Amino acid sequence: MKTIEKKLLVIGGGPGGYVAAIRAGQLGIPTVLVEGDRLGGTCLNIGCIPSKALIHVAGEFEKATYFSGDHPLGIRVQSPSLDLARAQKWKDGVVGKLTGGVGALLRKAGVRVVQGWAQVVDGKTVEVATREGEPVRITCEHLLLATGSVPVELPNLPLGGPVVSSTGALDFTEVPKHLVVVGAGYIGLELGIAWRKLGADVAVVEAAGHVLPAYDEELTKPVAASLRKLGITLHVNCKAEGLTDTGDGLRVRSAQADEYVLPADKVLVAVGRVPRTAGFGLESLQLDMAGRAVRIDDQCRTSMRNVWAIGDVAGEPMLAHRAMAQGEMVAEIIAGERRRFAPQAIPAVCFTDPELVVAGFTPEEAQQKGIEVKVASFPFAANGRALSMEAGEGFVRVVARQDNHQILGWQAVGQGVSELAAVFCHSIEMGARLEDVAGIIHAHPTLGEAVLESALKALGHALHI
Ligand code: FAD
Ligand code: NAD
């Protein structure tokens, strides 16, 4: 059997694994990365990127449709139509550009890439059944697990036929007539809204009492209102029971125990994701687990010396930027740097319409930690930029310590607020106080002025409300 020996072996070429490998290569660490499927992992191939590309297509198509009616902006479009095959090709092109870029970056960093599924032999050895046929044995000093996650399946709604996960829902070749989405979390709402805008009749079934139940209702209310405006029907406090015998409907049970049927030619199951820890011999290492995730410390070390885990395989929050930050850190620790993973804020953005962004503590989280806080919100209804781009409902909210005004968290909901994630995190990580943000000149007219105004409002002297 062919053998390869490197200081660092990374299993998984998603954002966690490929970033770790690039950084390790930059630092001169001999590195090999094993990927069984496509470089870029879930995020680039079947997650963040294709979903945002599809959301963009849907948004543009909706705009065109919107302008086909009588519109105050005076724009008139004659009955727009959608060439879905062409749109999918464009989306796949965006994915191809980025995944090709990852391959080039790995080569530039001197990382050896082995295509094939890794089977863990022990903490320093894996075997790979390569695509070319001949198996390879790789030995290493450090083993980095970056195997990601897989969708949760519901026993009464197994994937197959009309029942799809996000992967299937990104690749529909026809706009479904009736799409039922099970789970009103990130995936369900992002993709449910996109397919609604592309013309599907969409219903969302959610077990909890409101959409995006991880966030407070004040924050999710504008999203729920927009769903209603888009004509998406919401079935909260409801559970999916299974397909009807004819296979063209979903049986749903409400909290009052009524059962009814929603017409469905496609059902998207989006009820969460679980770490990928099975099927490649990981069990043999008998690592300590944290639920279904590999347990890690604040340097991403597992319970076995020189075995590391990053990204989705190490549990929540399952976000690409967290995986990347952990990957970069592990490479630097292996190179001898002193690093710890202790961010004050890992931002989370929901690319719904309107968008929602959360960074640091919400008022509720601060309260649970026993911290007395000042909370202030500034509505986009009083922001010139939001009005001039028909941004609709939304607001920015700040959470700061009552005693010294240090900013602990920001939340926002509204059109285009995803781009505020950076300023939110900067102020939190730099230990800014309300007075610091209030003293910065924010360009006019921008959505960022709502950030300034919420800080001013928390200090008791907002100017534009
Ligand atoms: P992954 O990206 O899952 O990569 C793991 C890789 O390991 C895979 O390529 C897999 O093939 C490979 N692998 C696994 N086992 C083996 C083995 N034994 N041998 C060889 N290779 C192996 N996050 C965001 O931050 N923003 C978003 O907008 C966003 N949108 C999303 C939309 C969707 C539809 C989905 C499904 C997810 C989204 N996410 C988003 C989450 C994001 O994709 C993940 O958090 C991120 O991909 C995790 O990176 P990772 O490197 O840990 O794992
Ligand atoms: P999620 O945890 O965001 O949402 C799952 C939803 O399904 C929850 O609202 C839950 O209450 C509901 N649910 C659970 N069981 C149910 C049942 N039997 N019937 C009805 N509803 C049920 O999970 P997701 O949307 O599948 O996304 C998985 C992960 O992928 C996310 O946690 C996130 O980490 C990542 N992701 C991130 C982004 C982003 O950053 N923009 C986008 C997509 C996915």
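Residues numbered from 1 in each chain as written. Chains lettered and ligands numbered in written order. Predicted model: local features only at pLDDT ≥ 70, side-chain atom pairs only at ≥ 80, totals over all residues. Heavy atoms only, no water.

Within an unreviewed UniProt entry, the label attached to the protein reads Dihydrolipoyl dehydrogenase, and the organism entered is Ramlibacter humi. As its UniProt record puts it under Catalytic activity (unreviewed entry), the protein is described as follows: "N(6)-[(R)-dihydrolipoyl]-L-lysyl-[protein] + NAD(+) = N(6)-[(R)-lipoyl]-L-lysyl-[protein] + NADH + H(+)". The heading Sequence similarities (unreviewed entry) in the UniProt record of the protein holds the text "Belongs to the class-I pyridine nucleotide-disulfide oxidoreductase family." (UniProt positions renumbered as here; feature names shortened; annotations may be inferred.)

*Asks:* Explain the sheet that holds strand β9 (residues 201-205) residue by residue, including any values.
*Replies:* One open sheet holds the 5 strands; their spatial order is β7-β14-β8-β9-β10, and the pairing between them is parallel. Of all strands in the sheet, those bounded by a partner on one side alone are β7 (163-164) and β10 (233-235). Sheet topology places strand β8 (residues 178-182) next to strand β14 (residues 266-269); 4 bridges connect them, and they run parallel. Considered in β14, the bridge of V181 is made with L268. Docked against the sheet, helix α6 (residues 186-197) engages β8, β9 and β14, running at close to 160 degrees with respect to β9. (Pairing = 2+ DSSP bridges. Helix = DSSP H or I, 4+ residues; strand = E, 2+ residues; numbered from the N terminus. Contact = heavy atoms within 4.5 Å. Axes fitted to C-alpha atoms, helices over the stretch in contact; angles between N-to-C directions.)

*Asks:* Can you explain the sheet that holds strand β20 (residues 355-360)? Please cite residues and give values.
*Replies:* Across the sheet, 5 strands lie side by side as β19-β20-β23-β22-β21; this open sheet has antiparallel pairing. Both edges of this open sheet fall to β19 (348-350) and β21 (373-379), since each of them pairs with a single strand only. On average, each strand axis in the sheet is tilted by 10 degrees relative to the strand beside it, whichever way the strands run. In this sheet, strand β23 (residues 407-414) lies alongside strand β22 (residues 395-401) in antiparallel orientation, the contact comprising 6 bridges. Across the sheet, residue V399 finds its bridge partner in β23, namely G409.

*Asks:* Lay out the site of ligand 2 in plain terms, naming residues and giving numbers.
*Replies:* The immediate surroundings of ligand 2 are formed by 22 residues, with E190, E206, G272, M318 and V349 found nearest. Within the contact set of ligand 2, an oxygen atom lies 3.2 Å away from a backbone nitrogen or oxygen of Y186. A distance of 2.6 Å is found between an oxygen atom of ligand 2 and a side-chain nitrogen or oxygen belonging to E206. When the free accessible area of ligand 2 is taken as 840 Å², the share hidden by the protein chains comes to 79%. Broken down by element, the shell around ligand 2 gets its largest block of residues, 3 residues, from α6. (Near = heavy atom within 4 Å. Polar contact = N/O pair within 3.5 Å; in protein donor to acceptor, adjacent residues only side chain to side chain. Areas by Shrake-Rupley, 256 points an atom, 1.4 Å probe, with all protein chains shown as cover.)

*Asks:* Can you break down the state of the cysteines residue by residue, with the values?
*Replies:* Evaluated as defined, the whole model comprises 0 disulfides. Of all cysteine sulfurs, the one in C300 lies closest to C140, which takes part in no disulfide; the gap is 17 Å. Residue C140 is classed as buried on the basis of its relative accessible area, which comes to 8%. (Disulfide = S-S within 2.5 Å. Buried < 20%, exposed > 50% of the residue type's maximum accessible area, 1.4 Å probe, protein only.)

*Asks:* I'd love a proper account of the environment of Q286, names of residues and values included.
*Replies:* Relative to the helices and strands, Q286 is located in the loop between β15 (273-275) and β16 (289-290). Spatially, the C-alpha atoms of Q286 and M304 are 8.7 Å apart, while their sequence positions differ by 18 residues.

*Asks:* So what's going on with the site of ligand 1? Residues and values would help.
*Replies:* Residues in contact with ligand 1 amount to 39 residues; listed here are only the nearest, E35, T42, K52, A118 and D312. In this structure, an oxygen atom belonging to ligand 1 sits 2.9 Å away from a main-chain N or O atom of G16. The side chain of D312 places a nitrogen or oxygen atom 2.9 Å from an oxygen atom of ligand 1. Expressed as a share of its isolated accessible area of 1,000 Å², the protein-covered part of ligand 1 is 94%. Broken down by secondary-structure element, the contributors of at least two residues to the shell around ligand 1 are α1 (15-26), β2 (31-35), α2 (41-46), α3 (48-66), β3 (112-122) and α8 (320-334). The element best represented in the shell around ligand 1 is α2, accounting for 4 residues. By residue class, the composition of the shell around ligand 1 is 16 nonpolar, 16 polar and 7 charged. (Nonpolar A, V, L, I, M, F, W, Y, C, P; charged D, E, K, R; others polar.)

*Asks:* Outline the packing of aromatic side chains, listing residues and values.
*Replies:* A full pass over the atoms with the stated rule returns 3 aromatic pairs. An angle of 55 degrees between the planes, with centres 5.2 Å apart, marks the rings of F172 and W195 as tilted. Here F172 is found in the loop between α5 (166-169) and β8, whereas its partner W195 is found in helix α6, with 23 residues between them in sequence. (Phe/Tyr/Trp six-rings, centres within 6.5 Å; stacked < 30°, edge-to-face > 60°.)

*Asks:* Residue-level account of the pairing of β23, with values.
*Replies:* Of all the 8 residues making up β23, 8 are buried; the element is thus mostly covered by neighbouring parts of the structure. In this sheet, β23 lies alongside β20 in antiparallel orientation, the contact comprising 6 bridges. Within the sheet, the bridge partner assigned to V357 lies in β23 and is A412.

*Asks:* I'd like to hear about helix α4 (residues 84-108), residue by residue, with values.
*Replies:* Between its terminal C-alpha atoms α4 stretches 36 Å, which fits the 36 Å expected from 25 residues at 1.5 Å a residue. Against α1, β2, α2, α3, β3 and α6 lie the buried residues of α4. (Expected span 1.5 Å × (residues − 1).)

*Asks:* Could you give an account of the domain arrangement of the protein, naming the residues involved and the relevant values?
*Replies:* For the protein, the assigned domains read domain 1 (2-150 + 275-334), domain 2 (163-271) and domain 3 (348-458). Using C-alpha coordinates to define each centre, domain 1 is positioned 31 Å away from domain 3. When domain 1 packs against domain 3, the two sides together hide about 380 Å² of surface, and 59% of this comes from carbon and sulfur. Here domain 1 and domain 3 share 0 salt bridges between them. (Domains from an automatic or database assignment. Buried area = accessible area lost by both parts, 1.4 Å probe. Salt bridge = Lys/Arg side-chain N within 4 Å of Asp/Glu carboxyl O.)

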